[in-house]
Amino acid sequence: FEQIPLNQIDLFDWIAVDLDELVSNIKKLDRLKEKLIILPPRGMFGREGEVKQKFQQLFESGLKDLLVLNLAQLQLGREIGFRLHGGFSLNLSNTESIRYLEQYGLLDCVLSPELTLAQIRSLGGAIPKGILVYGHLPLMLTRNCPVRNAKSCGECAGKSHLTDRKGLRFEVRCRGGCRELYNPAPLGMADRMREVENISFGVL
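As a convention, each chain's residues are numbered from 1 in the sequence order in which they are written. Local features in this predicted model are restricted to residues of pLDDT 70 or higher, and side-chain atom pairs are both shown and tallied only at a pLDDT of 80 or more, whereas totals for entire chains, interfaces and linings draw on every residue. Excluding hydrogens and water, the side-chain values take into account all heavy atoms of the structure.

A. Seen up close, the pattern of salt bridges. Between Lys or Arg on one side and Asp or Glu on the other, a salt bridge is scored when a side-chain nitrogen of the former is within 4 Å of a carboxyl oxygen of the latter. Taken as a whole and judged by the stated rule, the model has nine salt bridges. Measuring nitrogen to oxygen at the nearest pair gives 2.6 Å for the salt bridge that ties Lys54 to Asp20. Residue Lys54 is located in helix H2 (residues 48-60), and its partner Asp20 is located in helix H1 (residues 19-24); the two are separated by 34 residues in the primary sequence. For Asp20, a relative accessible area of 30% corresponds to the partly exposed category. Asp30 serves as the salt-bridge partner of Lys33, at 2.8 Å between the closest nitrogen and oxygen. Classification of residues uses two cut-offs on accessible area relative to the type maximum, computed with a 1.4 Å probe and protein chains only: under 20% is buried, over 50% is exposed, and between them is partly exposed. Judged by its relative accessible area of 59%, Asp30 falls in the exposed class. A single salt-bridge network, built from bridges that share partners, covers Asp20, Arg47, Glu50 and Lys54. Runs of E in the DSSP output that reach at least two residues are strands. Runs of H or I that reach at least four are helices, and both are numbered from the N terminus.

B. Examining empty space enclosed by the protein more closely. Computed over the protein atoms alone on a 1 Å grid, cavities are sets of points where a 1.4 Å probe fits but cannot get out and pockets are open sets with protein on both sides within 12 Å along at least five of seven lines; a residue lines them when it has an atom within 4 Å of a point. Grid points are joined across faces, edges and corners, and a volume is the space filled by probe spheres set on the points. By the definition in use, this model includes two cavities of 30 Å³ or more. When its volume is computed, the largest cavity comes out at roughly 40 Å³. Lining the largest cavity we find Pro41, Arg42, Gly43, Leu141, Arg175, Cys178 and Glu180. Polar here means any residue other than Ala, Val, Leu, Ile, Met, Phe, Trp, Tyr, Cys and Pro, which are nonpolar, and Asp, Glu, Lys and Arg, which are charged; Gly is therefore polar. The residue makeup of the lining of the largest cavity, split by class, is three nonpolar, one polar and three charged. Computed from the structure, the second largest cavity encloses a volume of approximately 30 Å³. Taken together, Asp18, Leu19, Asp20, Pro41, Arg47, Arg175 and Gly176 make up the lining of the second largest cavity.

C. Region of the structure containing the layout of surface pockets. The space that makes up the largest pocket amounts to roughly 1,800 Å³. As for the largest pocket, its lining consists of 44 residues, of which Ala16, Val17, Leu39, Val203 and Leu204 are closest to the centre. Put simply, the parts of the chain that give the lining of the largest pocket at least two residues each are strand S1 (15-18), strand S2 (36-39), strand S4 (83-86), strand S5 (106-110), strand S7 (134-135), strand S10 (169-175), strand S11 (178-182) and strand S13 (201-203). Top contributing element to the lining of the largest pocket by residue count: S1, with four residues. Residue classes in the lining of the largest pocket are distributed as 26 nonpolar, eight polar and 10 charged.

D. Summary view of the nonpolar core. Residue types Ala, Val, Leu, Ile, Met, Phe, Trp, Tyr and Cys, when buried and joined through side-chain atoms within 4.5 Å, form a set referred to as a nonpolar core. Membership of the largest hydrophobic core comes to 41 residues, with the highest contact counts inside it found for Leu36, Ile38, Phe55 and Leu106. It is H2 that provides the largest number of residues to this core, a total of four residues. We call two residues contacting when some pair of their heavy atoms lies within 4.5 Å. Look past the residues within four positions of Leu36 in its chain and what remains in contact with it is Ile4, Trp14, Ile15, Val17, Leu22, Leu29, Leu63 and Asp65. Cys156, Phe170, Val172 and Leu181 belong to the second-largest nonpolar core, a separate cluster that totals five residues.

Structure follows, in structure tokens:
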């Protein structure tokens, strides 16, 4: 929450902030409500009731936009009344899936990062479509901790890394009962934006 650039907030259409961070800072949200979008955990694995309760709490505090990262969140968000925005992990990669979720209530969506620029150009659907343009992409989502045999949770503090045979460090983050392994090399599209067509927005 502290990373939100308050002096440059008008440069962004949306700023996605972690669900738990928003709940922890719920009294500070008033002047930011129109810019914030809730970023829930990608995997819930039995935490649906807890997540729904936090969704409801934030909705009642005035936040109306939810970044949907899986189909369960689509249903939960719809029941509460959020404006729904599709995240990259919905893995939207063809016109049929975009149109289906559009009918289900998505207002816009981030496409699968696995698509080529040619495939993106050919996609249909009426809702605005976006792509990831910068960031360290998650490679794996798992319930089991891949570093637990080497260190305890207290030593890790929710953030550790694995090293491959080439010496590359893959960050491991523990969040919401899940662990995510991140690519050490960031995706960067700054030099390719002139080639991008059929896209309404980019996600950093």
